[in-house]
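Each chain, written out:
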Amino acid sequence: MREITYVEAIREALAQKMAEDPTVFLIGEDIGIYGGAFGATAGLIEQFGEERVIDTPISEAGIAGACIGAALTGMRPVGEIQFMDFVTLSMEQLVLQAAKIRFMFGGKAKVPFVLRMPGGSGTGAAAQHSESLENWFVHVPGLKVVMPSTPYDAKGLLIAAIEDDNPVIFVEHKLLYKVKGPVPEEMYRIPLGQSHIVREGKDLTIVATSVMVQRALQAAEQLQAEGIEVEIIDPRTLRPLDDVPIIRSVKKTGRALVVHEAVKMGGFGGEIVARIVESEAFDYLEAPVRRLAGLDIPIPYNRTLEYHAVPQVENIVEEARKLVKGVY
Amino acid sequence: MSTQPNLMVIENTIPVDHDQLLTELGRDQALDMLATMCLIRAFEEKAEDLFARGMVHGTMHLSIGQEAVAVGATRAMQKGDYLLNHHRGHGHCLAWGSDVNLMMAEFLGKETGYCRGRGGSMHIANVEANNLGANGIVGGGIPISVGVGLSIKMRRTHQVCLTIFGDGAANEGAFHESLNMASIWDLPVVYLCENNQYAMSMPMTKAFNIERISQRACAYGIPGITVDGNDVLAVYAAVRQAAERARSGQGPTLVEAVTYRWRGHSKSDRQAYRTREEVKAWQQRDPIRRFAGLLGLSEQELAVYISEAQRKVEAAVAFAQASPEPDVSTILEGVYA
């Protein structure tokens, strides 16, 4: 199959949906001639015109509100927040409006839009351009939260998110944009709320999200050389969460490690651990369920400090080894 | 605490010719506007009564004294237009043509209410009628109006979105973002600031360093209009002018209707921030009596409108009280589409 990058997969999903559905339009900062801060919308204004690729002033609450109002009245907007950090400026609209409107109005309205945003560290962008805030949104009923880890998933999940009748927070990762992978040229959908078993193994279950899926895969290669077989599960959609494959996997392996970039305290890992220990998998556990996550600090600027602020391949290898060998 | 009654003179910044407006509206429609103002008053007085008798679960925000804004503004809109309004929204919703039974049922948290009892007083919406909902967040609907305006433009439907908010909302950051976006894209939105002069306890005179909120329009390059919000025809004239501009593709207008809230902010308000004299003085400017006077109605003739409104509201209370509560087995419904 043809290989394209993660950012190209996103652009292709946007272009194909826009060509198919006249109610889909894009709105965000510098998404027109500039093509988006990370190039996700490059060329789309030339293809679809400025009425459907709308450059906005620096107004994140306005962007979110524009998505909500248009969605309420028959459109399917796809907004872009330039860096996930800036979504803090949209929080009222997303949490108190978008997430609540349907329920508050007795199930008689729908708000179908997607808000894309790149999160994560690793680019030297420091504390205000490197956040991983996905779990804030996971905590809000009425929102869906999607976090693709491959080009294939990015395209299929984005198309499904645009077709979904609910507000979807679509979290991309800056370090993944240039990662290449096989992606079909035609349109396809990956249903929201379906975890993916990325790699099978019998000794340890690793649940990882976003860029940590790639790092877990590299760690698994190293561990395989030591005779440790790791199973990797990527939830892909954090809300709704498909925990069935996770629980099934832990029953098989008896050990679980959750890996994410966001700060550990209050992070998504806590939810995964809880799902495991609340389930029948508890009786199968041979070791504590552990989390490997970002340190309890803002992301530092210095290259070495930034590297050590979030889990790396060697940290995953070490943690996995401890769990399998029972030394922790 | 202010000891000086706030009795500011409200000068209309556009010409308001009552005779001409009444001729254009016709007597039947003018009387219907009066009837709607009476219905709003009756609904809210009943709401207050039900609350006092312990029959209301939540709080409420009454717009008694502000009826001219709701009725004047909504009458200037056309069928198919959109409404976004605020927490003190019973009046706008009724004036939009909503069913008083379904509103009362929602107010009392019943399954038959507009929002199946999930929204309550602050969140009444009727999406089928393009009433996109009242909002519990001050200024919360203003950014949404940008999307509604964009959607209208893209769908080329020539609708207009009436967005009503209070004086407090004009000091939210979202107001700035939204009016700027609506202006740069010439969106078909009417921004109606229902200035009742207090953001909870904060008087407008302390929260703004300008005389008129409509002065802010110049910052966005759009027209700003201030009218006497207790004069239903003045509000009608201003919003009609703004709606015509919006519908013809020329963009948004900021209309300020200066009025006064007779009751406290919500039910917990002791109103320590203003004097009884001030409230009494504003009650002399009762928008309903003013309009009835303009229409040449006698006390007896006005009383007929008032009692008819009260009859409708009593029937609505009976409907609501006879309606079922939401079934707990449905509690999870309606979160996702």
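Here the structure is a predicted model, which is why all the values come from computation and not from measurement. (Residues numbered from 1 in each chain as written. Chains lettered and ligands numbered in written order. Predicted model: local features only at pLDDT ≥ 70, side-chain atom pairs only at ≥ 80, totals over all residues. Heavy atoms only, no water.)

### Topic: the sheet that holds strand 10 (residues 204–208) of chain A
All names here are of chain A. Our working rule: Paired strands, as defined in this entry, are two strands with at least two bridges between them according to DSSP. Going along the chain from the N terminus, every DSSP run of H or I of four or more residues is numbered as a helix, and every run of E of two or more is numbered as a strand. Orientation is described by lines fitted to C-alpha atoms, with helices fitted over the stretch in contact, and by angles between N-to-C directions that extend from 0 to 180 degrees.
Strand order across the open sheet formed by five strands is 9-11-10-13-14, with mixed pairing between neighbours. Edge positions in the open sheet fall to strand 9 (196–199) and strand 14 (290–294), since each of these has one partner strand only. Averaged over neighbouring strand pairs, the angle between their axes works out to 25° when direction is ignored. Bridge analysis of strand 13 (residues 256–263) against strand 14 gives four bridges, and the strand direction is parallel. Bridge pairing in strand 14 places Val263 opposite Gly294.

### A closer look at the packing of aromatic side chains
Our working definition: Two rings from Phe, Tyr or Trp (for Trp, the six-membered ring) form a pair when their centres are within 6.5 Å of each other. A pair whose planes differ by under 30 degrees is stacked, one over 60 is edge-to-face, and the rest are tilted. Three labels apply to residues, based on accessible area from a 1.4 Å probe with only protein chains included: buried if under 20% of the type maximum, exposed if over 50%, partly exposed otherwise in between. Lysine NZ or arginine CZ positioned within 6 Å of the ring centre and within 35 degrees of the ring normal marks a charge as sitting over the ring.
Under the criterion given, the structure shown has 12 aromatic pairs over all chains. Centroid distance A:Tyr6 to A:Tyr177: 5.8 Å. Interplanar angle 65°. Geometry classified as edge-to-face. On the criterion of sequence distance, the pair formed by A:Tyr6 in helix 1 (residues 6–20) and A:Tyr177 in the loop between strand 7 (168–173) and strand 8 (180–182) is long-range, its members being 171 residues apart. Taken individually, A:Tyr6 and A:Tyr177 each receive the classification buried, so the pair is uniform in this respect. On the basis of an interplanar angle of 5° and a centroid distance of 5.0 Å, the ring pair of B:Tyr260 and B:Trp282 is categorised as stacked. Taken together, the residues span a long stretch of sequence, with B:Tyr260 in the loop between strand 7 (253–258) and helix 11 (276–283) and B:Trp282 in helix 11 at a distance of 22 residues. Accessibility expressed as a relative area gives 0% for B:Trp282, which makes it buried. Each residue in the set A:Tyr6, A:Phe38, A:Phe83, A:Phe86 and A:Tyr177 is aromatic and connected to the rest through ring pairs, giving one cluster. Sitting over the face of the ring of B:Trp262, B:Arg41 holds its NZ or CZ atom 4.6 Å from the ring centroid. Over the ring of B:Trp282 we find B:Arg285, and its NZ or CZ is 4.3 Å from the ring centre.

### Here's the deal with the side chain of A:Arg116
Residue and element names in this part refer to chain A. Quick reminder of the rule: The contact criterion used throughout is that any non-hydrogen atoms of two residues lie within 4.5 Å.
You can see Arg116 is positioned in strand 5 (residues 114–119). Given a relative accessible area of 3%, Arg116 falls into the buried group. When sequence neighbours within four positions are dropped, the list of residues in contact with Arg116 reads Ile10, Leu14, Ala40, Thr41, Val78, Gly79, Glu80, Ile81, Leu158, Phe170, Glu172 and Tyr177.

### What to know about the nonpolar core
Heads up, the rule is: Residues enter a nonpolar core if they are buried and are Ala, Val, Leu, Ile, Met, Phe, Trp, Tyr or Cys, with the set joined through side-chain atoms within 4.5 Å. Those domain boundaries reflect an automatic or database domain assignment.
Counting residues in each nonpolar core, the largest one holds 166 residues, and the members touching the most others are A:Leu115, B:Leu162, B:Val239 and B:Phe291. Ranked by residue count, the leading element in this core is helix 2 (residues 27–52) of chain B, at 12 residues. Composition of this core by domain shows at least three residues from each of domain 1 (3–182) and domain 2 (196–325) of chain A. By size, the runner-up hydrophobic cluster in this structure holds 61 residues, among which are A:Ala15, A:Leu157, A:Ala161 and A:Val213.

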